[in-house]
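Okay, here's what each chain looks like letter by letter:
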Amino acid sequence: MGVIRITKSVKALLNAFAEQEVALSTVALVEQFQDHMNRSTVYRILERLEDEGILHSFTGSDGLTWYALGNKNLLSGKANLDTHPHFQCKDCGKTECLPMSVSIPDVSKHTVESVSLLLVGQCSDCASV
Ligand SMILES: [Zn+2]
Ligand SMILES: [Zn+2]
């Protein structure tokens with residue numbers, strides 16, 4: 001594990017997550033930063049931040065990769081970033097981490113390395129309209 005260099009680009013991306021407090025898709029991030037960095041830079045930084053455990057990623061119902069801050073409060077124990085579910089609103093597209101953990105069944109003779117649970121529906125804003 002290398003120490004991540006906090007360049008201006010890395011900082012800008014991290015700020016985007018800190019400000020919005022929801023998950024962001026690669027497409028939205030590339031668009032948001034298109035004047036400052038190219039697509040491959042965005043992808044490279046996201047991958048690096050995930051390697052460092054600062055972000056985690058998951059696949060949305062749209063097939064896009066989404067990233068969110070790896071908030072320790074959301075995680076059970078120290079390691080497994082993937083044991084919390086994600087929620088995606090089918091109306092406004094808001095996508096967020098749910099602060100609960102899912103227990104993973106033991107599958108005999110199989111080794112489970114990652115888990116992904118995506119809940120799709122209406123968020124509280126859309127459901128109350
Ligand atoms: Zn919504
Ligand atoms: Zn998450």
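Residues numbered from 1 in each chain as written. Chains lettered and ligands numbered in written order. Predicted model: local features only at pLDDT ≥ 70, side-chain atom pairs only at ≥ 80, totals over all residues. Heavy atoms only, no water.

## A look at the sheet that holds strand S5 (residues 95–97)
The strand order S5-S4-S6 describes an open sheet built from 3 strands, whose pairing is mixed. Taken across any chain shown, the strands that pair with only one partner, and hence form the sheet edges, are S5 and strand S6 (118–121). Strand-to-strand, the axes of this sheet are offset by a mean angle of 20°, without reference to chain direction. Here strand S4 (residues 86–89) pairs with S5 via 3 bridges, running antiparallel. Residue pairing in the sheet places Phe 87 in a bridge with Glu 96 of S5. (Pairing = 2+ DSSP bridges. Helix = DSSP H or I, 4+ residues; strand = E, 2+ residues; numbered from the N terminus. Axes fitted to C-alpha atoms, helices over the stretch in contact; angles between N-to-C directions.)

## A look at the coordination of the zinc ion (ligand 2)
Ligation of the zinc ion (ligand 2) by protein atoms is provided by His 56 (NE2), His 84 (NE2), His 86 (NE2) and Cys 97 (SG), these donors lying 2.0 to 2.2 Å from the ion. Angles of 102 to 116° at the metal separate the 4 donor atoms of the zinc ion (ligand 2), which places the site in the tetrahedral class. Along the chain, the residues donating to the zinc ion (ligand 2) fall in the pattern H-x27-H-x1-H-x10-C. Take His 84 and His 86: they sit in the same class, and that class is buried. (Donors = N, O, S within 2.8 Å, 3.2 Å for Na, K, Ca; no water. Tetrahedral: all angles 85-135°; square planar, octahedral: opposite > 155°, others 65-115°. Buried < 20%, exposed > 50% of the residue type's maximum accessible area, 1.4 Å probe, protein only.)

## Describing a nonpolar patch on the surface
A cluster of nonpolar side chains, contributed by Ile 104, Val 107 and Val 112, occupies part of the molecular surface with about 200 Å² of accessible area. Summarising the element assignment, Val 107 is placed in the loop between S5 and S6. (Patch = residues over 30% accessible without salt bridge, like charges linked within 9 Å, V, L, I, M, F, W, Y side chains within 5 Å. Areas by Shrake-Rupley, 256 points an atom, 1.4 Å probe, with all protein chains shown as cover. Salt bridge = Lys/Arg side-chain N within 4 Å of Asp/Glu carboxyl O.)

## Describing unusual backbone geometry
Trans is the common state for peptide bonds, and a negative phi is the common state for residues other than glycine. Residue Glu 21 is not a glycine yet carries a positive backbone phi of 55°. Following the sequence through the fold, Glu 21 ends up in the loop between helix H1 (8–20) and strand S1 (24–25). In this structure, Lys 109 takes a positive phi of about 65° despite not being glycine. Positionally, Lys 109 belongs in the loop between S5 and S6.

## Thoughts on the coordination of the zinc ion (ligand 1)
Within the protein, Cys 89 (SG), Cys 92 (SG), Cys 123 (SG) and Cys 126 (SG) serve as the donor atoms for the zinc ion (ligand 1), at 2.3 Å. Motif for the zinc ion (ligand 1), donor spacing along one chain: C-x2-C-x30-C-x2-C. Here Cys 92 is found in the loop between S4 and S5, whereas its partner Cys 126 is found in helix H4 (residues 124–127), with 34 residues between them in sequence. Judged by its relative accessible area of 45%, Cys 92 is partly exposed.

## Focus: the pattern of salt bridges
Note on pairing: side chains with opposite charge can pair once their charged atoms come close. Applying the stated criterion across every chain yields a total of 1 salt bridge. Between Asp 91 and Lys 90 there is a salt bridge, with the nearest N and O atoms lying 3.8 Å from each other.

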